[in-house]
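Listed below are the residues making up each chain.
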Amino acid sequence: KQEVTQIPAALSVPEGENLVLNCSFTDSAIYNLQWFRQDPGKGLTSLLLIQSSQREQTSGRLNASLDKSSGRSTLYIAASQPGDSATYLCAVSPSQGAQKLVFGQGTRLTINP
Amino acid sequence: DVKVTQSSRYLVKRTGEKVFLECVQDMDHENMFWYRQDPGLGLRLIYFSYDVKMKEKGDIPEGYSVSREKKERFSLILESASTNQTSMYLCASSLYRVGQPQHFGDGTRLSIL
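Residues numbered from 1 in each chain as written. Chains lettered and ligands numbered in written order. Predicted model: local features only at pLDDT ≥ 70, side-chain atom pairs only at ≥ 80, totals over all residues. Heavy atoms only, no water.

**Remarks on the overall build of chain A**
Right, so step 1: The number of helices and strands found in chain A is 0 helices and 11 strands.
Right, so step 2: Counted from the first residue to the last, chain A has its helices and strands arranged as β-β-β-β-β-β-β-β-β-β-β.
Right, so step 3: Relative to the compact-globule value of 13 Å for 113 residues, chain A shows a C-alpha radius of gyration of 13 Å, a close match.
Right, so step 4: Expressed along its principal axes, the backbone C-alpha trace of chain A runs to roughly 45 × 30 × 20 Å.
Right, so step 5: Within chain A, the fraction of its 113 residues that count as buried is 43%.
Right, so step 6: Restricting to contacts in chain A with at least 6 residues of sequence separation, those with at least 24 account for 54%.
Right, so step 7: With an accessible surface of roughly 5300 Å², chain A has 47% of that area assigned to carbon and sulfur atoms.
Right, so step 8: Positive and negative side-chain charges of chain A, numbering 9 and 8 respectively, have mean locations separated by a distance of 7 Å. (Helix = DSSP H or I, 4+ residues; strand = E, 2+ residues; numbered from the N terminus. Rg over C-alpha atoms; globule rule 2.2 N^0.38 Å. Buried < 20%, exposed > 50% of the residue type's maximum accessible area, 1.4 Å probe, protein only. Contact = heavy atoms within 4.5 Å. Areas by Shrake-Rupley, 256 points an atom, 1.4 Å probe, with all protein chains shown as cover. Lys, Arg positive; Asp, Glu negative; His and termini not counted. Charge placed at Lys NZ, Arg CZ, Asp CG, Glu CD.)

The structure is reproduced here in structure tokens:
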């Protein structure tokens, strides 16, 4: 059974720093991996989606990488801002039942001004 | 722009009541999903639907049912609400093609007293 882990559960950094969030998954048979952002009491906003054949995706100050063979993905946030404070979740789409997602528990990020 | 709308942001019901949570999407997506999100347990899939009148159980379907009479609308039904169903409920939709990103609503915070 696919399991997704995000460590650390919480992270606090000063404004302006570059940071990396980690995601690992136990079964490398995935179709894609998606990173989401969740603000308190709100739904999920899709940030980046990486197909299994890709190594990375970029959107503005965000860069997500995927190493399928080792079961790892990272989300890199450059020049962090207080508005980046949120919970970040990663989710994988298994090759079997690819319409479903398996989520990690998220990393709660706080950017201190 | 992508829009998934959940009918209520907050809902308070009593034990034993029949509860309906509604979700509407305006993107002509074939797939629709219901998740619940609980601290320490993350997001878990309750049910999903890949077409009108079609449904599949997710990881935790017990105590729930769903209805999809029209493509744009997916309802989650708590047949007889219990206190352990107090949770944040999230609806999502995606295109049928595998590997497509899921788009989420803002969630319904349901309390069962």
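**Focus on the interface of chain A and chain B**
Right, so step 1: Between chain A and chain B, the residue contacts involve 19 residues of the former and 25 residues of the latter.
Right, so step 2: Summing both sides of the interface, chain A and chain B together bury roughly 1700 Å²; the carbon and sulfur share of this comes to 54%.
Right, so step 3: Summed over the shared surface of chain A and chain B, the result is 0 salt bridges.
Right, so step 4: When residues of the side of chain A that touches chain B are assigned to their parent elements, the largest contribution, 5 residues, is made by strand β4 (residues 30-38) of chain A.
Right, so step 5: Looking at side-chain class alone, the side of chain A that touches chain B contains 8 nonpolar, 9 polar and 2 charged residues. (Buried area = accessible area lost by both parts, 1.4 Å probe. Salt bridge = Lys/Arg side-chain N within 4 Å of Asp/Glu carboxyl O. Nonpolar A, V, L, I, M, F, W, Y, C, P; charged D, E, K, R; others polar.)

**A short note on the sheet that holds strand β8 (residues 73-78) of chain B**
Residues and elements named next belong to chain B.
Right, so step 1: Strand order in the open sheet formed by 4 strands is β1-β3-β8-β7, and the pairing between neighbours is antiparallel. Of all strands in the sheet, those bounded by a partner on one side alone are β1 (4-6) and β7 (64-70). Adjacent strand axes in the sheet meet at a mean angle of 20°, parallel and antiparallel pairs treated alike.
Right, so step 2: The sheet contact formed by β7 and β8 spans 5 bridges and is antiparallel. The residue bridging S67 from the neighbouring strand is S75, located in β8. (Pairing = 2+ DSSP bridges. Axes fitted to C-alpha atoms, helices over the stretch in contact; angles between N-to-C directions.)

**Overview of the side chain of N31 of chain B**
Right, so step 1: Note that N31 of chain B resides in strand β4 (residues 31-38).
Right, so step 2: Beyond its immediate chain neighbours, meaning those up to four positions away, N31 of chain B contacts Q99 of chain A together with S49, Y50, R68, A92, S93, S94, L95 and Y96 of chain B.

**Structural notes on the nonpolar core**
Right, so step 1: By size, the foremost hydrophobic cluster in this structure holds 22 residues, and its most contacted members are L19, F25, L33, W35, L75, I77 and Y88 of chain A.
Right, so step 2: Secondary-structure elements contributing two or more residues to this core are β3 (19-25), β4, β5 (44-51), β7 (62-67), β8 (72-77), β9 (86-94) and β11 (107-112) of chain A.
Right, so step 3: Not counting chain neighbours up to four residues away, the residues in contact with L75 of chain A comprise L19, V20, L21, W35, L47, L48, L62, N63, A64 and Y88 of chain A.
Right, so step 4: Counting 21 residues, the second-largest nonpolar core is a separate cluster that includes L11, M32, Y47 and L76 of chain B. (Core = buried A, V, L, I, M, F, W, Y, C linked by side-chain atoms within 4.5 Å.)

**Topic: the state of the cysteines**
Residues and elements named next belong to chain A.
Right, so step 1: This structure, assessed with the given rule, holds 2 disulfides over all chains.
Right, so step 2: Sulfur-sulfur distance for the disulfide between C23 and C90 comes to 1.9 Å. Here C23 and C90 share a disulfide; its torsion about the S-S bond, 75°, makes the bridge right-handed. Placement of C23 in strand β3 and of C90 in strand β9 is noted, with a sequence separation of 67 residues between them. Grouping residues by exposure puts C23 and C90 together as buried. (Disulfide = S-S within 2.5 Å.)

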